[in-house]
Structures are given as C-alpha cells and as structure tokens.
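The residues making up each chain are set out below.
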Amino acid sequence: MGTVLTPTAHAKLVLHAAKHPSQSVFGLLLGTGNEAIDVVPVTHNFLALSSVFEAAIEQTNLYAATQSSQLRIIGAYVANANLEDTELSPLAAHLALAAAGGVDAPVVLVIDNAKILDGEKSLGLLPFKQQNGAWKPAQGVVTLKGDVFKTLQLIRKALETNCQSLVYDFDNHLDNAALDWLKNGQITQALQLKA
Amino acid sequence: MLDRTSLDYLSKDLSIAMMPGSESAVQGNTEILSVVGPNQVYVDGTRLLASGSFPSDVERLALTEQVIVAALETGRIDEAQALLAPLRTRFETIPKDTVQFGSLRVARLEGMLLEAQGKHEAALDIYNRALVQDEAYAPILKRKVGLLLDQGKTTDAMKELSHYLDHFSSDLEAWTMLATLYLQANMFQQAAFCYEECMMLSTHNYLFTTRYAELMMTMGKPKLALKYFSLAVEITASAGGALRAWYGLRQASKALIEEFNASSAGKGAGKKGKTDVEEDDSVSIDDWKELNRVAGERILGIYSEKKAGSETVSVVKSWLQTV
C-alpha cells in the first residue's frame, strides 16, 4: 500500500535536498504502481513559474518513455525551505496532479528536513495522496527497497564527501545544457548503486 | 574573498548574471562558477586569520565578520562563539543614554548567533534594542525580516520587508527576496512589481528579465512574456542567447500561435476587449511563427555547442515537436 523507493531514487532525492539546504526543492518520481524506481530533480527555486514546469514535466515524460514502456511519473517530492515546515505546498500537489495524470493515485512525498538523515528509524518522508479531492497524509509507510542499512550508509558517506554537488536539476540544466538532469548518471556512478 | 557583493560588481563588466539568493553565476550558457560557499569561506577564512597578516585592522575585522557568518551558516556554533568573544571585548557595550551597543555590526552578529542557537526571542530583543539606537540601520532591519521568516511569520516578514524597501528602494537583494515571498504566496501582481524594480536596478542581468517573463506566462500574458524573453535574448546576444530565454521564447510564441488559431477561426480578428497594454499590432502571427522557429533552431544549436548527451538531445527534439 505504501510507496516503495529504490536505493537510487532515495539517494538522489536526499542528495538533491542536501545540495540546497536553505531552499525548497522539487522533483518528480518515476516508477510503476507504487514503486518509485528513479527520481528526476526539477528545481531548487520552487516558485509558481508554469512555463518552466511545463517543459520539465513534458521532457520527463518523454524521457520515461524512452527508458521503459512501464515507467511513468507517479508523483513528486518536495522539501520546504523552512526546517520545521512539513506541510504539503498546494503548488506541489497541483504539479503532481498535472504531471502524474495517467496514474491512479499520484503521491507527493514531503521531505521532513529534520528527520531525513535519521536513518533506519524513519526515512523522513511524509506521503500525501488525494482522498475525495482533498490532499491528505496517505495510509501506509514509505519504505526503502534492498539493503536499507547499506543504502543509508552510502548516502551518509556521500554527504560527507560532498557528492550532492553532483546532482543536477532542470534549473541547473537551463544554465548549462551539458548537465544531465534526467538521468544524473554521475550520481549512480559515484555511489555505485545497484538499481 | 570573492563573495556575493563583489560578484555583483563584476557582473556589470563581464555580463555575468547572478540572481541574489541563487548559488551560481551564469555567463551566457555557461555556469561559470559557483559563488564561494560558506564552508569554503570558513575553511579558507580561518586559515587566513591564523596565518595571514593584514594591511589594516579593519580588514582583519571584516574577514572575522565573514568567517563568523560562514561558521553560523555551516552549523559551527561553538567556533562562531569563540570568534565573537574578542569582538565583544573590543567593542564593549557601555550603556549610556540610548547607546546600547559599542558596535551595531557586532550586535548583528550577536543576534545571528542567538538565532542559530534557536533563541529567537533573545535575538529579536537585540535587534529591537539596536534599532532604538539607530532606526535606519539596514543590516539589522534585514536581519529582522530573516528572523520572522525563520519563525514562519511570512506575512509579518513581507510587511517589514516592504517597509524597509520604502526607505531603501535600491536594495536589489531585498526586492528579489520580496518578489520570492510574494511568488510563494501566489501574489503574482505584487511579485511582478518587485521584479520590475529588480530589472530597473540591474538592466544588464537577463535572469530578472527571464524570471519576469516566466511570471508573465504564469499570469497568462504571453505577449508580455514574449517581449521580455526577447529582451533576455538580446541581453545575452554575445553568447548566442541564453537557453533559458530561448526556451521561454519558444513556449510564449507557441502560446500566442495557439491563441491566434483558436480565435475567430484564425482569421486574425484579434481579441477585442483585451487590455491595451497587451495589444500590440506591430507583431503579427508571422512574427510569432518565425520566432518560434528560430527559438527551436537556437535551442538545438546550444545543445550541440555544449555537446549535450545524445539521450538529452533526443528528448529535447521530441519536446520541440510539441511546443
């Protein structure tokens, strides 16, 4: 019932948020059903600038289609700028709905900034889903696939070595077209993640 | 030390664009460097303080101030406290009449330290007392805004910042901050006003022009958006036009083409009753189509120049077929 994340998805998400500690970040979840296989970081300047999001969402959709016929946008993740703010921003909800149009129940994962690096106790991700038109905290816990301990250890070490500087979002991409924001292959390589 | 303020000065000469609050500086289509982050400032700064000799005391103190702020930004509270102690003794506070602090700059640092420790009320007290001493001390006026934001009091912060800007209307950083706050609250008209001030204060900076254009798109004003994306392209002409601006140009022109096609069966009857600001008969449907085409060409050109990966390029090509 709850959302499942692969190590790659979780690592990229955490690193994206860690790269911009005092700003709000937003990205899209790619996967099937309730499993997020990968994430695509979109912005670290989370403002209602529709044309930017339209381009990002459209290109993410096209990218997903090239990877696998099953892969689609199943939701989004967002981290608020304020440390203690764990509310679901209406903009994030609106975008998740627009982006994950083809999916039954898009999920928005709000990053609990204070808990995201806690570790095994909780992943620090608060899932939200629509129920009768209104967005509410979702049933079920967010879980991590594979060796949880090892993945969290990898992430911790990555943060110590400033790996988060290697995460590129669409915003970065618009400043420098050479940056690969869709796949972020350099992260997977740096972390030597398997799936 | 290359920090945000000196970079803004550079930008006037070398057409490096930077938006206050962003982490990178952009020149055309290259992210040329990242503003030196607080961690770097701390590490290099402490080394300099320990071993460097300074031409004057003022410089040493200025560096200490920078390092303290960097320490607070990176969570090194104890180190910040240690650096602040000698400043406290140096600029001793002697209460006499309304004078509270020996130095308002040190008072600001004291307040920031308290904020970093989560003692918001104590910090606010310091700031208020400092403002009694000098009601127009800008750094502390701005610190108050930051404090309110930290406490989640966004509306109060907006009010304070607005009030501050009534008096300090050429503070680009403040206008950008206020624009962001308005935008986060979906107050688009007000945000647009702020960005207009930003554009007037830094006409050479295409990032503001582009941001304004993107806001116009959000507000459903593609004609205005087109104008400002075009302006952004003009500003960055020496680099072939910034990717961000070309993207916007492509999207704005497409929006106008669609609007045109949808109205009066494409007979070009135009929109009666629209505000005259947006009506501009000097630009026609053919111009929009041409702009749209050129934008597409330039976008692919930039991807090719930057040697972007083939996967990325094919996604962009597919995207261009939809917009």
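What counts, and at which threshold
Residues numbered from 1 in each chain as written. Chains lettered and ligands numbered in written order. Predicted model: local features only at pLDDT ≥ 70, side-chain atom pairs only at ≥ 80, totals over all residues. Heavy atoms only, no water. UniProt positions renumbered as here; feature names shortened; annotations may be inferred. Axes fitted to C-alpha atoms, helices over the stretch in contact; angles between N-to-C directions. Helix = DSSP H or I, 4+ residues; strand = E, 2+ residues; numbered from the N terminus. Parallel < 35°, antiparallel > 145°, perpendicular 65-115°, else oblique. Contact = heavy atoms within 4.5 Å. Nonpolar A, V, L, I, M, F, W, Y, C, P; charged D, E, K, R; others polar. Expected span 1.5 Å × (residues − 1). Buried < 20%, exposed > 50% of the residue type's maximum accessible area, 1.4 Å probe, protein only. Arc of directions from axis to C-beta. Phe/Tyr/Trp six-rings, centres within 6.5 Å; stacked < 30°, edge-to-face > 60°. Pairing = 2+ DSSP bridges. Buried area = accessible area lost by both parts, 1.4 Å probe. Salt bridge = Lys/Arg side-chain N within 4 Å of Asp/Glu carboxyl O. Polar contact = N/O pair within 3.5 Å; in protein donor to acceptor, adjacent residues only side chain to side chain.

In the annotation of an unreviewed UniProt entry, the entry for chain B reads ER membrane protein complex subunit 2, and the organism field reads Chytriomyces confervae. Its UniProt record gives chain B a comment under Function (unreviewed entry), which states: "Part of the endoplasmic reticulum membrane protein complex (EMC) that enables the energy-independent insertion into endoplasmic reticulum membranes of newly synthesized membrane proteins." Regarding chain B, the UniProt comment filed under Subunit (unreviewed entry) reads as follows: "Component of the ER membrane protein complex (EMC)."

Per an unreviewed UniProt entry, chain A is named MPN domain-containing protein, and its organism is Chytriomyces confervae.

S.K.: Got a minute to help me understand the packing of helix 2 (residues 50–67) of chain A against helix 11 (residues 206–218) of chain B in this structure?
M.R.: Between two packed helices, the angle of one axis relative to the other and the distance separating the axes together describe the packing. Closest axis-to-axis distance for the helix 2 of chain A/helix 11 of chain B pair is 7 Å, and the angle between their directions is 85°. Regarding the angle of helix 2 of chain A to helix 11 of chain B, the classification is roughly perpendicular. On the side of helix 2 of chain A, the interface is formed by S50, S51 and V52 of chain A, while helix 11 of chain B contributes E214, M217 and T218 of chain B. Considering only residue class, the contact of helix 2 of chain A with helix 11 of chain B consists of 2 nonpolar, 3 polar and 1 charged.

S.K.: What is the right way to read helix 4 (residues 148–160) of chain A from this model?
M.R.: One full turn of an α-helix is made of 3.6 residues, so residues set three or four places apart face in the same direction. Residue and element names in this part refer to chain A. Between its first and last C-alpha atoms helix 4 spans 19 Å; for 13 residues at 1.5 Å apiece the expected length is 18 Å, and the two agree. Three or more residues of helix 4 are buried, namely T151, L152, I155, A158 and L159. Viewed along the axis of helix 4, the buried residues span an arc of 120°, placing them on a single side of the element. Exposed side of helix 4, more than 90 degrees from the buried face: K157 and E160 are the residues found there. On the buried face of helix 4, the contacting elements are helix 1 (7–19), strand 8 (143–144) and helix 6 (185–191). Looking one or two places after helix 4, you find N162, whose phi comes out positive at around 60°.

S.K.: What exactly am I supposed to notice about the packing of aromatic side chains here?
M.R.: How two aromatic rings sit relative to each other is set out by the distance from centre to centre and by the angle between their planes. Summed over the entire model, instances satisfying the criterion amount to 9 aromatic pairs over all chains. Relative to F168 of chain B, the ring of Y164 of chain B has its centre 4.7 Å away and its plane inclined at 15°; by these criteria the two rings are stacked. Judged by relative accessible area, Y164 of chain B falls into the buried class, the value being 5%. For F168 of chain B, a relative accessible area of 26% puts it in the partly exposed group. Following the ring pairs from residue to residue traces out a cluster consisting of F170 and W181 of chain A together with Y247 and W319 of chain B.

S.K.: Just checking my understanding: could you explain the pairing of strand 3 (residues 35–43) of chain A for this structure?
M.R.: The two faces of the sheet receive side chains in turn, since in a regular strand these alternate between them. All names here are of chain A. For strand 3, the buried fraction is high: 7 of the 9 residues fall into the buried class. Judged from the 2 bridges that link them, strand 1 (residues 4–5) and strand 3 form a sheet pairing that is parallel. The residue of strand 3 that forms the bridge with L5 is A36. In this structure, strand 2 (residues 25–32) lies alongside strand 3, joined through 7 bridges in antiparallel fashion. Note on strand 3: the bridge partner recorded for L30 is D38.

S.K.: When you look at the interface of chain B and chain A in this model, what are you seeing that I'm missing?
M.R.: Interface size is commonly expressed as the accessible surface area that is lost when the partners come together. Taken together, the 37 residues of chain B in the interface contact 31 residues of chain A. The contact between chain B and chain A buries some 2800 Å² in all, and 52% of this surface belongs to carbon and sulfur atoms. Taking the shortest distance from any N to any O, the salt bridge between D175 of chain A and R244 of chain B comes out at 3.1 Å. Applying the counting criterion to the chain B and chain A interface returns 11 residue pairs in polar contact (both at pLDDT 80 or more). Classifying every residue of the side of chain B that touches chain A by side-chain character gives 16 nonpolar, 13 polar and 8 charged.

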